[in-house]
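# Commentary on secondary and tertiary structure
Okay, here's what each chain looks like letter by letter:
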Amino acid sequence: MLSQKIALLALSYKNQPNESVKNELLKNMDLMLTSHNRLLSHKLSDKLHYLYFGPSDLNGKVLRYIDSVKAYLLNGDIKEFEYILKNSKKLLSYLDKAVYEYQIENERKTSSLKRNELFILVFTLLTLFFEALFIFRPANKQMMQKTKELNEAKEYLDTVIESNKNAIIAIDKN
C-alpha cells in the first residue's frame, strides 16, 4: 500500500509542490525502505528468497522504486515521476505475492508452535500424573499406616489405664 500512497503523493506534489506533501512523500519513502530492509533482515524461506532475489528481483524493484522517488524529489525529473506512476501498481502486485508467502510461512510456523504447545501440555500432565502415582500415593499410604499404628498404640494405652485399678504415675527420665 505504500507504493500506492507514494504514487498519489508524487502526483499531488507534481500538481501542487509544497513542503508538507514533500515531507509526507519522504516519510512514506523512508517507511517503505525501512520496512523492506526489516523484512529482508529475517531468515527468508526458499520461496521468499526466490521472489526477492530470483528472476522477478523484487528487491531490485523496490530499491529502484525508492531511488526513483528520491530522484524525482531532488531533480523533479519527469521520467522518474512517470516510472513511479507506471510501476506502483506492478510493484504492489509483487508485494502482494510476497505478503501471501509471508502469510503461508507464518501460518506454518504457528501450526508448528501449536503442536509443540500441545506436546508440552501433554508431557506436563503426564509428569504430574506420574508424580502423584509414584510420590504422593506411597507417601499417603505410609502416612495412613503410621496414623493407624498411633491409634492402635493409643487404644492399647487407654485400655491398660482403664483396666488397671492401681495408681499409675508417669515420670520422665530426669
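Everything in this summary refers to the structure shown in the same document. Just so we're clear, the structure is a prediction, and the values are computed from it rather than from any experiment.

## Considerations on the layout of surface pockets
Size it by volume and the largest pocket reaches roughly 260 Å³. Lining the largest pocket are 15 residues; nearest its centre among them are Leu2, Met32, Ser35, Leu39 and Leu95. Of all the elements in the fold, those that place two or more residues in the lining of the largest pocket are α1 (2–15), α2 (19–41) and α5 (78–163). Per-element accounting of the lining of the largest pocket gives the leading share, six residues, to α5. For the lining of the largest pocket, the per-class residue count stands at 11 nonpolar, three polar and one charged.

## Structural notes on the nonpolar core
Core analysis: the largest hydrophobic core is formed by 26 residues, its most contacted members being Met32, Leu58, Tyr65, Val69 and Ile84. At the level of elements, α1, α2, α3 (46–53), α4 (58–75) and α5 are the ones that each hand at least two residues to this core. Looking at this core, the element that brings in the most residues is α4, giving seven residues. Aside from chain neighbours lying at most four places away, what touches isoleucine 84 is Ile6, Ala7, Ala10, Tyr65, Ser68, Val69 and Tyr72.

## A word on a nonpolar patch on the surface
A surface patch of nonpolar side chains, about 1,100 Å² in accessible area, is lined by Leu118, Leu121, Val122, Leu125, Leu126, Leu128, Phe129, Phe130, Phe134, Ile135 and Phe136. Tracing the backbone shows leucine 118 in helix α5. Leucine 118 gets classed as exposed once you look at its relative accessible area, which sits at 51%.

## Topic: the packing of aromatic side chains
Each aromatic ring pair is specified by the distance between its two centres and by the angle formed by the two planes. This structure, assessed with the given rule, holds six aromatic pairs. Here the aromatic rings of tyrosine 13 and tyrosine 72 are separated by 6.1 Å at their centres, their planes lie at 85°, and the arrangement is edge-to-face. One end of the pair, tyrosine 13, is in helix α1; the other, tyrosine 72, is in helix α4, with 59 residues separating them in the sequence. Given the relative accessible area of 5%, tyrosine 72 is considered buried. Geometrically, the ring pair formed by phenylalanine 129 and phenylalanine 130 is edge-to-face, given 5.4 Å between the ring centres and 65° between the ring planes. Under the relative-accessibility criterion, phenylalanine 130 is labelled partly exposed at 40%. Taken together, the ring pairs connect Tyr13, Tyr72 and Phe81 into an aromatic cluster. Sitting over the face of the ring of tyrosine 94, lysine 61 holds its NZ or CZ atom 4.8 Å from the ring centroid. It is arginine 64 that lies over the ring of tyrosine 83; its NZ or CZ is 4.0 Å from the centre.

## A short note on α3
Those residues of α3 that sit buried are Leu48, Leu51 and Tyr52. Each buried residue of α3 sits inside an arc of 90° when the element is viewed along its axis, so together they form one side. Residues of α3 that are exposed and angled more than 90 degrees away from the buried face: Asp46 and Tyr50. As for α3, its buried residues are in contact with α2, α4 and α5.

Calculation rules
Residues numbered from 1 in each chain as written. Predicted model: local features only at pLDDT ≥ 70, side-chain atom pairs only at ≥ 80, totals over all residues. Heavy atoms only, no water. 1 Å grid on protein atoms, 1.4 Å probe; cavity = no way out; pocket = protein on both sides within 12 Å on 5 of 7 lines; lining within 4 Å. Points joined across faces, edges and corners; volume = space filled by probe spheres on them. Helix = DSSP H or I, 4+ residues; strand = E, 2+ residues; numbered from the N terminus. Nonpolar A, V, L, I, M, F, W, Y, C, P; charged D, E, K, R; others polar. Core = buried A, V, L, I, M, F, W, Y, C linked by side-chain atoms within 4.5 Å. Buried < 20%, exposed > 50% of the residue type's maximum accessible area, 1.4 Å probe, protein only. Contact = heavy atoms within 4.5 Å. Patch = residues over 30% accessible without salt bridge, like charges linked within 9 Å, V, L, I, M, F, W, Y side chains within 5 Å. Areas by Shrake-Rupley, 256 points an atom, 1.4 Å probe, with all protein chains shown as cover. Salt bridge = Lys/Arg side-chain N within 4 Å of Asp/Glu carboxyl O. Phe/Tyr/Trp six-rings, centres within 6.5 Å; stacked < 30°, edge-to-face > 60°. Lys NZ or Arg CZ within 6 Å of the ring centre and 35° of its normal. Arc of directions from axis to C-beta.

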